[in-house]
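Inside the fold
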Amino acid sequence: MQATHFGAGNIGRGFIGEILAKNGFSIDFVDINETIINALNERNEYTIQLADESQKEIHVSNVDGLNNQTNPDAVIDSVSKADIVTTAIGPNILPFIAELIAKGIQKRRNEGNTTPLDVIACENMIGGSQFLFEKVQAFLSAEDKSYVEQYIGFPNAAVDRIVPIQHHEDPLFVSVEPFSEWVIDATQSKNKELHLDDVEYVEDLEPYIERKLFSVNTGHATVAYTGAYEGYKTIDEAIADERVLEKLRAVLGETGSLLINKWDFDKEKHFAYIDKIVSRFENKYISDSISRVARTPIRKLGFDERFIRPIRELKERGLDYTNLVDVVAMVLKYDDPNDEQSVELQGYLKEKSVAEVIQQITDLKDDELIAKISARYQK
């Protein structure tokens, strides 16, 4: 079987590529990084190392590279023949590959290919595949859309694996944490015959997306901003401080109470899930910089993002959100001169009242919540 995967970076090779290869796919990696594309074509293989005591190495073969800037026709051809199409390129880049996917689908239709195909965006966002579908539709004719309706699925997915920024002499070598989770919305899939091993298919994806967002994303950011507040530079250094660890567990306790209340997750299983997340952040074999995890603080304080959304929903349910408010205050204090949004945020705080800035960047209309966050910031 053949896969077309957009994004030959560390996550693409170290997570999605590993699972596709394990399921017997040959993989066309699509990217604009000439160094990586050339290395894939020269060697047709690469190595993944698990970041744990075992240091186990996983060999991935039957791979090649396609440069979508210099050879778009090859990418279109790959999509037209693929048994699955996946992405791991970042939400902001999805619109730039939409036309290539659309042309691949058109070629598929013109060649009379009626094998069902799923296009799955494996991105750190809610509704990634459907977002991509909206962009692809702009390049489709009425006939194409009819074909897509019958044969092409864009099932949303939730993905989770820590792949830290890293530098190796070998441009293809990648180190990843042992844990990984890939969940696909089975209701949006068109290729019902293809079920990947090590991937979970569910009828309702939203609980899994929120569990990941409010546990892993909220938790990782909590360690970063609490660690920065205490003067640390890396995640592993920060979480070794009992104060940071205590704040992490308190925050995950609050988001956990929301998830259990909202989605009826089993309490014992969910707190075991929290323990697993904490152990992942404590992994001494993964050294991640706080500046990377804490970057774009304005985005992370968005209305539907990892802090403000659980705070809103906890308040609606009459549940405690004190520790989440503490961390939001630390995000507002976050000052990194090399981070554009941090500089922007600190500029706002010099020009306006704290309450005005909170309202501006979070879109909160709840005066009581704004006052609570503002009071915590002042302390």
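Residues numbered from 1 in each chain as written. Predicted model: local features only at pLDDT ≥ 70, side-chain atom pairs only at ≥ 80, totals over all residues. Heavy atoms only, no water.

The name an unreviewed UniProt entry gives the protein is Mannitol-1-phosphate 5-dehydrogenase, with Enterococcus malodoratus ATCC 43197 as the organism. Regarding the protein, the relevant UniProt record gives this comment under Catalytic activity (unreviewed entry): "D-mannitol 1-phosphate + NAD(+) = beta-D-fructose 6-phosphate + NADH + H(+)". One UniProt comment on the protein, placed under Sequence similarities (unreviewed entry), says "Belongs to the mannitol dehydrogenase family." (UniProt positions renumbered as here; feature names shortened; annotations may be inferred.)

To continue, consider the packing of helix α9 (residues 242–263) against helix α14 (residues 322–333). The geometry of α9 relative to α14 is characterised by a closest axis approach of 8 Å and an angle of 125 degrees between their N-to-C directions. One finds that α9 runs oblique with respect to α14. When you trace α9 past α14, the crossing you get is left-handed. Taken together, the residues of α14 that come into contact with α9 (itself represented by K247, A250, V251, E254 and T255) are T322, N323, L324, D326 and V327. For the contact of α9 with α14, a count of residues per class yields 4 nonpolar, 3 polar and 3 charged. (Axes fitted to C-alpha atoms, helices over the stretch in contact; angles between N-to-C directions. Helix = DSSP H or I, 4+ residues; strand = E, 2+ residues; numbered from the N terminus. Parallel < 35°, antiparallel > 145°, perpendicular 65-115°, else oblique. Left-handed = near helix turned anticlockwise from the far one by under 90°. Contact = heavy atoms within 4.5 Å. Nonpolar A, V, L, I, M, F, W, Y, C, P; charged D, E, K, R; others polar.)

Here the largest pocket is characterised by a volume of approximately 1400 Å³. Around the largest pocket, the lining is made up of 42 residues, and of these I11, P91, N124, R292 and R295 lie nearest the centre. Sorting the residues of the lining of the largest pocket by element identifies α1 (10–22), β9 (157–160), α7 (206–229), α11 (290–293) and α12 (297–300) as the ones contributing at least two each. Per-element tally for the lining of the largest pocket: the top contributor is α7, with 7 residues. The class makeup of the residues in the lining of the largest pocket is 21 nonpolar, 10 polar and 11 charged. When residues of the lining of the largest pocket are sorted by domain, at least three fall in each of domain 1 (2–203) and domain 2 (206–378). The calculated volume of the second largest pocket comes to roughly 280 Å³. Contributing to the lining of the second largest pocket are 14 residues, with D31, I32, N68, I89 and I93 lying nearest its centre. For the lining of the second largest pocket, the secondary structure elements donating two or more residues are β2 (26–31) and α4 (94–110). Tallied by class, the residues present in the lining of the second largest pocket amount to 9 nonpolar, 4 polar and 1 charged. (1 Å grid on protein atoms, 1.4 Å probe; cavity = no way out; pocket = protein on both sides within 12 Å on 5 of 7 lines; lining within 4 Å. Points joined across faces, edges and corners; volume = space filled by probe spheres on them. Domains from an automatic or database assignment.)

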